[in-house]
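Examination of the molecular architecture
Take a look at the letters that make up each chain.
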Amino acid sequence: MCAKIEELNGLSAEDILGKYWKRNILPIDISKILFDLKVRFVPFNFSQLEKSNNIDSGDILGVVLANNNDLAILYKEAETLNRTRFTLAHELAHCCLKHILPNDKQHIEFRSKSAVQDKKEIDANIFAGELLIPEKELRLSLVKFFENTFPSSVLLAQIFSVSINVMEERLRYLKIPFIDSNKIKTLYIE
């Protein structure tokens, strides 16, 4: 049984931010949060694991390994900083959302079309967005940088150090109108 998984199960992104993040400092330092949580994170080449399990090359983004009191997140080496940050937050989400139980030994995360529709994957993505782009700080940034105008997802992505896609998904989730990066002249309003 993994005591660290047991400790994380049930925590929200807000719980983690409240305890391990100093407000008003952006971007969120996911590495420091994991360090403070005593969760190891290690870059890893998954090519051999993919090959031995007949998984398409490049599909594995992260793996959570749990053993007794030790918890580690292996993340795909040679990824962009934004992708790495999101993968770390996403894998931590699986631990907090009770997708990984204290008796589980590992969880493998895949980048695939089928995983995109999986409820656990959607929930982990939402949690990762909440962790890396807290709503309060996002709304403060909107006022600070975009007073009386529609926000640019590109600039917001830079401020929070996430991909444009992640920022746009977070804005859609919160129903905040924005200027779509793909259609600079198009306004997203739901």
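Report on the accompanying structure. (Residues numbered from 1 in each chain as written. Predicted model: local features only at pLDDT ≥ 70, side-chain atom pairs only at ≥ 80, totals over all residues. Heavy atoms only, no water.)

**Here's the deal with the pattern of salt bridges**
Inclusion rule: In the sections that follow, a salt bridge refers to a side-chain nitrogen of Lys or Arg positioned within 4 Å of a carboxyl oxygen of Asp or Glu. Numbering of helices and strands runs from the N terminus, with a helix taken as a DSSP run of H or I at least four residues long and a strand as a DSSP run of E at least two residues long.
Scanning the entire structure with this criterion turns up 7 salt bridges. The closest approach of N and O atoms between E7 and K4, which form a salt bridge, is 3.2 Å. Residue E7 and its partner K4 are both found in helix 1 (residues 3-8); the two are separated by 3 residues, about one turn of the helix. Ionic pairing is found between E79 and K76, a salt bridge with its closest N-O pair at 3.4 Å.

**A few points about the packing of helix 8 (residues 135-146) against helix 9 (residues 153-160)**
Counted only if it meets this: To get an axis, fit a line to the C-alpha atoms, keeping to the stretch in contact for a helix; angles then go from 0 to 180 degrees between the N-to-C directions. Here is the rule for angles: anything less than 35 degrees is roughly parallel, anything more than 145 is roughly antiparallel, 65 through 115 is roughly perpendicular, and the remaining ranges are oblique. In this scheme the crossing of two helices becomes right-handed for a clockwise turn of the near helix relative to the far one and left-handed for an anticlockwise turn of less than a right angle. Should any heavy atoms of two residues lie within 4.5 Å, those residues are considered in contact.
Across the interface, helix 8 lies against helix 9 with an axial gap of 11 Å and an inter-helix angle of 125 degrees. Relative to helix 9, the element helix 8 lies oblique. Taken as a pair, helix 8 and helix 9 cross one another with a handedness that is right-handed. Along its contact with helix 8, which presents E137, L138, S141, L142, F145 and F146, the element helix 9 presents L155, L156, I159 and F160.

**Brief notes about the side chain of H90**
As a reminder of what qualifies: Side-chain atoms alone can form a polar contact between residues adjacent in sequence; in general such a contact is a pair of N or O atoms within 3.5 Å, and within protein one must be able to donate a hydrogen while the other accepts it.
Along the polypeptide, H90 turns up in helix 5 (residues 81-96). At 3.0 Å, the side chain of H90 and the side chain of H94 are in polar contact. Side-chain polar atoms of H90 contact the side chain of N125, separated by 2.8 Å.

**Quick look at helix 2 (residues 13-20)**
Stated precisely, the cut-off is as follows: Whether a residue is buried, partly exposed or exposed follows from its accessible area with a 1.4 Å probe, protein chains only, as a fraction of its type maximum: under 20%, in between, or over 50%, in that order. What the arc measures is the spread of directions leading from the helix axis to the C-beta atoms.
Of all the positions in helix 2, only A13, I16, L17 and Y20 are classed as buried. Looking straight down helix 2, one finds that the buried residues subtend no more than 95 degrees of arc, so they occupy a single side. The exposed set on the far side of helix 2, more than 90 degrees from its buried face, consists of G18 and K19. Where helix 2 is buried, its residues contact helix 3 (30-37), helix 5 and helix 7 (119-132).

**A word on helix 10 (residues 164-173)**
One turn of an α-helix holds 3.6 residues; hence residues three or four places apart share an orientation. Regarding helix 10, the residues found buried are V166, M167, E168, R170 and L171. One or two positions beyond helix 10, positive phi appears at K175, with a value near 60 degrees.

**Looking at the packing of helix 9 against helix 10**
Condition: Under the scheme applied here, ten amino acids are nonpolar (Ala, Val, Leu, Ile, Met, Phe, Trp, Tyr, Cys and Pro), four are charged (Asp, Glu, Lys and Arg), and all others, including Gly, are polar.
In contact at an axis separation of 8 Å, helix 9 and helix 10 are set at 105 degrees when each is read in the N-to-C sense. Judged on the interaxial angle alone, helix 10 and helix 9 are roughly perpendicular. On helix 10, the residues that touch S153, V154, L156, A157 and F160 of helix 9 are I164, M167, E168 and L171. Class assignment for the residues of the contact of helix 9 with helix 10 results in 7 nonpolar, 1 polar and 1 charged.

**Re unusual backbone geometry**
Cis peptide bonds are those with omega within 30 degrees of zero, and the linkage from L26 to P27 qualifies with 0 degrees. Note that P27 resides in the loop between helix 2 and helix 3. Phi at A78 takes a positive value of approximately 65 degrees, unusual for a residue other than glycine. If you trace the backbone, A78 turns up in the loop between strand 3 (70-76) and helix 5. For A78, a relative accessible area of 82% corresponds to the exposed category. Even without being glycine, K175 reaches a positive phi, approximately 60 degrees. Turning to its location among the elements, K175 is positioned in the loop between helix 10 and strand 5 (178-179).

**Focus: the packing of aromatic side chains**
The line we're drawing: A pair of Phe, Tyr and Trp rings is counted when the ring centres sit within 6.5 Å of each other, with Trp represented by its six-membered ring. The angle between the planes then sorts it: under 30 degrees is stacked, over 60 is edge-to-face, the rest tilted.
As enumerated under the stated definition, the model contains 1 aromatic pair in all. Judged by centre distance (5.1 Å) and plane angle (55 degrees), the rings of F44 and F46 are tilted. The exposure class assigned to F44 is partly exposed, which follows from its relative accessible area of 35%. Overall, the relative accessible area of 3% leaves F46 in the buried class.

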